[in-house]
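Understanding the architecture of this molecule
Okay, here's what each chain looks like letter by letter:
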Amino acid sequence: MQLILWRKQKLSSIIAICVVVLAVLICLRLSVWQYQRGEQKQQQLSQLAVSKEQGVMNWQALQSLPSDLNKTGLQVKVSGEVNKQHYWLLDNQIYQGQVGYDLLAAVTIAGEKAPLIVNFGWLKAPQDRNQLPVVAWPSTATFAATVQLKQGNLKGFTLADQIGAEQGWPKRIQGIDLAIFSAQLAEPVQGFIGYRNEADGIATPHYKSVVMGPDKHYAYAVQWLLIGLACVVIAYFAMRRRGYENKPT
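Along each chain, residues carry numbers from 1 onward, in the same order as the chain's sequence is written. With pLDDT at 70 or above as the cut-off, local features in this predicted model cover only qualifying residues; side-chain atom pairs require 80 or more to be listed or tallied, and sums for whole chains, interfaces and linings still use all residues. Working from all heavy atoms in the structure, the side-chain values ignore hydrogens and water.

Take the pairing of strand 3 (residues 98-109) next. A 1.4 Å probe rolled over the protein chains alone gives each residue an accessible area, and that area as a share of the maximum for its type sets the label: buried under 20%, exposed over 50%, partly exposed in between. Helix and strand assignments follow DSSP, with helices taken as H or I runs no shorter than four residues and strands as E runs no shorter than two, numbered in order from the N terminus. In terms of burial, strand 3 is a largely internal element, 9 of the 12 residues being buried. The criterion for strand pairing is that DSSP finds at least two bridges linking the strands in question. As paired elements, strand 2 (residues 75-95) and strand 3 share 10 bridges and run antiparallel to each other. In the sheet register, Glu81 faces strand 3, and the bridge partner there is Thr108. Where strand 2 folds back onto strand 3 in an antiparallel hairpin, the turn is made up of 2 residues, including Gln96, whose phi is positive at roughly 50 degrees. With 8 bridges joining them, strand 3 and strand 4 (residues 116-124) adopt antiparallel strand pairing. Residue pairing for strand 4: Leu103 is matched across the bridge by Gly121. Where strand 3 folds back on strand 4, the antiparallel hairpin that results is connected by 6 residues, among which Gly111 adopts a positive phi of roughly 85 degrees.

The structure is reproduced here in structure tokens:
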């Protein structure tokens, strides 16, 4: 009987140790991940600072930059013709607590075959999900504004398998994919996207280059590390107390 009881206690101790080790490993992994995210955000801020020092560029100056240079953060003054018949509405965009869409359209710049996809900003969603917001395009076809470029991971987080498979225009989409936009327009597009910084009556710009700063990621890294340490301390005292309780008198 005592042998069976001893085996049960040993098995439960092994299971408890395995659970604690697993919890600590998860906490450590999350801590490292948050630290890496903080480093990425720090690099992104440094890149944005360098881009800001360069000031607003014109399109010709942009084209003279190396093709392999990541153009995220660059401020560029563009002028061209907006494709008002074919545009996209990026779903599930929150602005000041309200649900809406981001308006994206292709802008053909003079002398360029590949248009630039521009995010004009936020539009409030109608109450009826089956309806899309009406875009108040200006009568003039010419578009002239300063945009901030973003290149690289544009899709963002989405649970949808396809970012936009609807027929007809405008298209409601769940993410940004320049390759899909190019296929839908039946023409190549620029390898980066531009974000409007100034309101123009069409939509409300709300783009932020960095939503969460590196300091918060570092704080979360320390938090997960402390949680892992707390798991070890609690498990140690729990097993120690259990050893005292099971000690023969």
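What follows is about the pairing of strand 7 (residues 193-196). Burial of strand 7 is two-sided: the residues Ile193 and Tyr195 facing one way and the residues Gly194 and Arg196 facing the other way are all buried. Pairing of strand 4 with strand 7, which is carried by 3 bridges, proceeds in the parallel orientation. Each residue of the ladder has a partner; that of Val118, found in strand 7, is Gly194. Taken together, the 4 bridges between strand 5 (residues 142-150) and strand 7 define a ladder with antiparallel strand orientation. Bridge pairing links Lys150 to Ile193 in strand 7.

We count a salt bridge whenever a side-chain nitrogen from Lys or Arg sits within 4 Å of a carboxyl oxygen from Asp or Glu. Tallied over the entire structure, the rule returns 2 salt bridges. Among the salt bridges present, the one from Arg129 reaches Asp91, with a minimum N-O distance of 2.4 Å. With Arg129 in the loop between strand 4 and strand 5 and Asp91 in strand 2, this residue pair connects regions lying 38 residues apart in the sequence. Overall, the relative accessible area of 44% leaves Arg129 in the partly exposed class. Salt-bridge contacts for Glu198 lead to Arg196; the nearest nitrogen and oxygen are separated by 3.9 Å. Arg196 sits in the buried class, given a relative accessible area of 6%.

We now examine the packing of aromatic side chains. Stacked, tilted and edge-to-face are the three classes assigned to paired rings of Phe, Tyr and Trp, where Trp is represented by its six-membered ring and a pair needs centres within 6.5 Å; plane angles under 30 degrees give stacked, over 60 edge-to-face, the rest tilted. Enumeration according to the criterion identifies 10 aromatic pairs in this entry. Where Trp59 meets Phe192, the ring centres are 6.3 Å apart and the plane angle is 50 degrees; that geometry is what we call tilted. With Trp59 in helix 2 (residues 59-63) and Phe192 in the loop between helix 3 (178-185) and strand 7, this pair connects stretches of sequence that are 133 residues apart. Grouping residues by exposure puts Trp59 and Phe192 together as buried. When the centroid spacing of 5.2 Å and the interplanar angle of 65 degrees are considered together, the rings of Phe120 and Phe143 count as edge-to-face. Residue Phe120 is located in strand 4, and its partner Phe143 is located in strand 5; the two are separated by 23 residues in the primary sequence. There is no split in this pair, since Phe120 and Phe143 are both buried.

Another aspect to go through is the side chain of Lys71. Relative to the helices and strands, Lys71 is located in the loop between helix 2 and strand 2. Charged residues are defined narrowly, with Lys and Arg counted positive, Asp and Glu counted negative, and His plus the chain ends left uncounted. Despite its burial, Lys71 pairs with no opposite charge, the nearest such side chain being Asp68 at 7.1 Å.

It is worth spelling out the confidence of the model for the protein chain at this point. A residue's pLDDT is the predictor's confidence in that residue, given on a scale from 0 to 100. Residues of the protein chain with pLDDT of at least 70 account for 82%, and the chain-wide mean is 82. The least confident element of the protein chain, judged by mean pLDDT, is helix 1 (residues 2-53) at 76; the most confident is strand 4 at 95.

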